[in-house]
Every structure is written in C-alpha cells, then in structure tokens.
Amino acid sequence: MSRNDDFSQTHIPRTGKVKEVTSLTNPIIKDLRALSMKKFRDQQGVFLAEGLKLVIDALDLGWRIRTLVFAKAGKGNNLVEQVAARTVAKGGLVLEVSEKVISAITRRDNPQMVVGVFEQRYEPLANLKPQGNDVYVALDRVRDPGNLGTVIRTADAVGAKGIILVGDTTDPFSIETVRATMGSVFALPLYRANEADFLSWRKSFSGLVVGTHLKGAVDYRSIPYGNKPVILLMGNEQQGLPDSLAFACSKLARIPQAGRADSLNLAIATAVMLFEIRREALILDERP
Ligand code: SAM
C-alpha cells in the first residue's frame, strides 16, 4: 500500500477545511495524537512542529503543511489567522481546538498555541555534492533525540549545509528532536543512508572526511580545514565510531581533555568541532 493510499484511509481530510474540535475522542484528534509514535509518523510521512514562529518559518521555507491546529486562545490573533489562511490555500486542514486537545496532541502541560503537521522530507544521498568550503555533519547511529536536535540546531547556526544520518538513528521527526532543533530542522536538508551506502558514497567524495575518535591521533585544531568541503563524522553515544567508518576518514581528530570525564557529550563535541572547522567563515555581525 502506498503512502497516499494509507493517508486516504485516515480521518485527516486532504482538502482545505476549518473545523472546530473539542473532544479527545474525535477520530482526527486520535490520529494526530498517534503522531507521537514513529510508526504512525512514518506511515503518514508527517511530523508535528509546535509554535507559531516555527510554523511560519516552515511555510516560508516551502515545507508542505497538511494540518494546522490552533488553540481557541489564538482566535483573532492576526498571525494565527494568516497561517490558517495559508494552510487552507495549500489545501490543508485547519482545526480550532481546546487547550486540553492541543495539550494531548503535544503531550505538554503548557502547550504552544499553534501546532503544524508537516510532510517529512529526506534528500537522496545521490544528490549530496558538497563543494567549495561546504560543511556537512554525518552522525553514526545517533540515539538520543536531544543530541540529534541540538546537533541540527548547532549545524544550522554555524552555516553547515546538511546532516547525514548514518545507520539506524533516532527519528529526526520525533517531537523531542524537532523541539530541540528550535526550528533548524526546517533549515537544513537531511540525508540518510545505511553504513554501506554511506561508505560507497564516500569513495566518490574528494573532500575531507574528519572523523572524531577518542583514540584519534590528531589534535582537532591542527587540521587545515579551509578550501575544500568537509564531512564531520561523529560516533555513536555509547560505542563511538566503528572501525569500518573510522578507516574511511581522511583524519581522525581528537579534542584534548583534562579532568576525569572519559569523553564529551556527542552534541558538545560536534559543536566544538564545527566552530573550529568554521572558524574563518564565522564573523560577528551587527546583531546585539
Ligand atoms: N564510549 C564512547 C567511545 O568510546 O567513543 C564515547 C562516545 S562519545 C559520548 C560520542 C562521540 O562524541 C564520539 O564518538 C566522538 O565522535 C565524539 N567525542 C566525544 N568526546 C570526544 C573527544 N574528546 N575527541 C573527539 N571526539 C569526541
């Protein structure tokens, strides 16, 4: 059964409509609540994004919205009404719901006033053609949604061009990950590949693949990163990089440590690396 066939059998209509819903037992709300489960998100090819700003940013960046849910408190708010009109114009459904309902959908006590249901998007690895001084972050089997979200946010902040999810990773479209990205999930393309496909793609990549490894022989500050594209490859939280991936790296970098900690948190290590790789490119602007 195709994704579209699946979708037509659910209670979320395809055409633009505005509905008022207050009951948790309403079938549309049941379907939206089920989006907390990966299986259901994948069946539908959608995910939830909370907050008016996020929803506006996503629409501005061309993400396709299927459903907009807003709390009654948002009625009359100009921005909410504009977003609702944009959703309807795109053929999406708009739901006006009680706070209890929006709380149940997002599993939060103090929910945002607006939640959007967007179509998931992955780019095929075959389209990944880094150039110039592009930087991409590849994550080996990342497990923790907070780590993944923080890495996506940080990658966006340094101007990296995309994220490559290697192997079996946590879902970038889970509500926890999307929350932790603070909207950056909409700003960067996501690629995903199993290890074998990533390694085969890597053979045709002539830039620098910098793996980070606790046994890395090279101080991360000593690598000349400039003037060629870089793939920064980060290891799994528990096991680090397997040899199969480590052997495919141009360099294995280590961040020197003092003290008793065995290693840095994955997202922190990624941030340290990214700010070094992008050192020359990042310049303070006029923002306060
Ligand atoms: N027990 C794991 C191991 O042996 O590699 C620890 C993994 S660490 C929590 C998660 C990832 O963060 C590592 O695979 C590596 O990519 C990166 N990392 C953490 N600390 C690092 C350091 N000091 N130098 C280089 N990479 C580091």
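Residues numbered from 1 in each chain as written. Predicted model: local features only at pLDDT ≥ 70, side-chain atom pairs only at ≥ 80, totals over all residues.

Draft legend 1. Layout of the site of the ligand. Taken together, 16 residues surround the ligand, and among them Thr212, Gly235, Gly240, Leu264 and Ala269 come closest. A breakdown of the residues in the shell around the ligand according to their chemical character gives 7 nonpolar, 7 polar and 2 charged. (Near = placed C-beta within 6 Å. Nonpolar A, V, L, I, M, F, W, Y, C, P; charged D, E, K, R; others polar.)

Draft legend 2. Inspection of the domain arrangement of the protein at higher detail. Examined at the domain level, the protein breaks down into domain 1 (3-119) and domain 2 (125-277). Computed from C-alpha coordinates alone, the two centres of domain 1 and domain 2 are separated by 32 Å. Of all the secondary structure elements, the ones that give two or more residues to the side of domain 1 that touches domain 2 are helix H3 (38-44), strand S2 (46-50) and helix H4 (52-60). Looking at the side of domain 1 that touches domain 2 residue by residue, the class counts come to 7 nonpolar, 2 polar and 5 charged. (Domains from an automatic or database assignment. Helix = DSSP H or I, 4+ residues; strand = E, 2+ residues; numbered from the N terminus.)

Draft legend 3. Broad picture of the sheet that holds strand S8 (residues 190-193). On the basis of which strands lie adjacent, the open sheet formed by 7 strands has the order S8-S7-S6-S11-S9-S12-S10 and parallel pairing. Two strands bound the open sheet, and with one partner strand each, they are S8 and strand S10 (218-219). By the bridge criterion, 5 bridges tie strand S6 (residues 135-140) to strand S7 (residues 162-166) in an arrangement that is parallel. What sits directly across from alanine 138, in S7, is isoleucine 164. Most of the contacts of helix H7 (residues 145-158) go to S6, to which it runs at about 170°, and overall it touches S6 and S7. Those strands touched by helix H11 (residues 266-277) are S6, strand S9 (208-212) and strand S11 (230-234), and its axis lies near 160° from that of S11. (Pairing = 2+ DSSP bridges. Contact = placed C-beta atoms within 7 Å. Axes fitted to C-alpha atoms, helices over the stretch in contact; angles between N-to-C directions.)

Draft legend 4. Looking closely at unusual backbone geometry. Even without being glycine, methionine 182 reaches a positive phi, approximately 55°. Its location among the elements puts methionine 182 in the loop between helix H8 (175-181) and S8. For methionine 182, a count of 16 C-beta atoms within 10 Å puts it in the partly exposed group. Of note, asparagine 227 is a non-glycine position whose phi angle comes to about 65°, a positive value. On the secondary structure map, asparagine 227 appears in the loop between S10 and S11. (Buried ≥ 20, exposed ≤ 12 C-beta atoms within 10 Å, placed from the backbone.)

Draft legend 5. Expanded view of the environment of methionine 273. Considering the arrangement of structural elements, one finds methionine 273 in helix H11. Separated by 87 residues in the primary sequence, methionine 273 and phenylalanine 186 have C-alpha atoms spaced 22 Å apart. Each residue touching methionine 273, except ones within four places of it in the same chain, is listed here: Thr212, Tyr220 and Leu232.

Draft legend 6. Main features of the pairing of strand S12 (residues 251-254). The pairing of S9 with S12 spans 3 bridges and is classified as parallel. Of the residues in S12, the one forming a bridge with valine 210 is lysine 251. As judged from the 2 bridges shared by S10 and S12, these two strands associate in the parallel manner. Following the sheet pairing, valine 218 is matched in S12 by alanine 253.

Draft legend 7. The arrangement of the nonpolar core in detail. Of all hydrophobic cores here, the largest spans 75 residues; its most connected members are Val137, Ala138, Leu139 and Leu232. Here the element with the most residues in this core is H11; it accounts for 6 residues. Each of domain 1 (3-119) and domain 2 (125-277) accounts for three or more of the residues forming this core. Setting aside chain neighbours within four positions, we find valine 137 in contact with Val151, Ala155, Ala160, Ile163, Leu232, Met234 and Thr270. (Core = buried A, V, L, I, M, F, W, Y, C linked by C-beta atoms within 7 Å.)

Draft legend 8. Representation of the environment of valine 230. The topology assignment puts valine 230 in strand S11. Residue valine 230 is classed as buried on the basis of its 25 C-beta neighbours within 10 Å.

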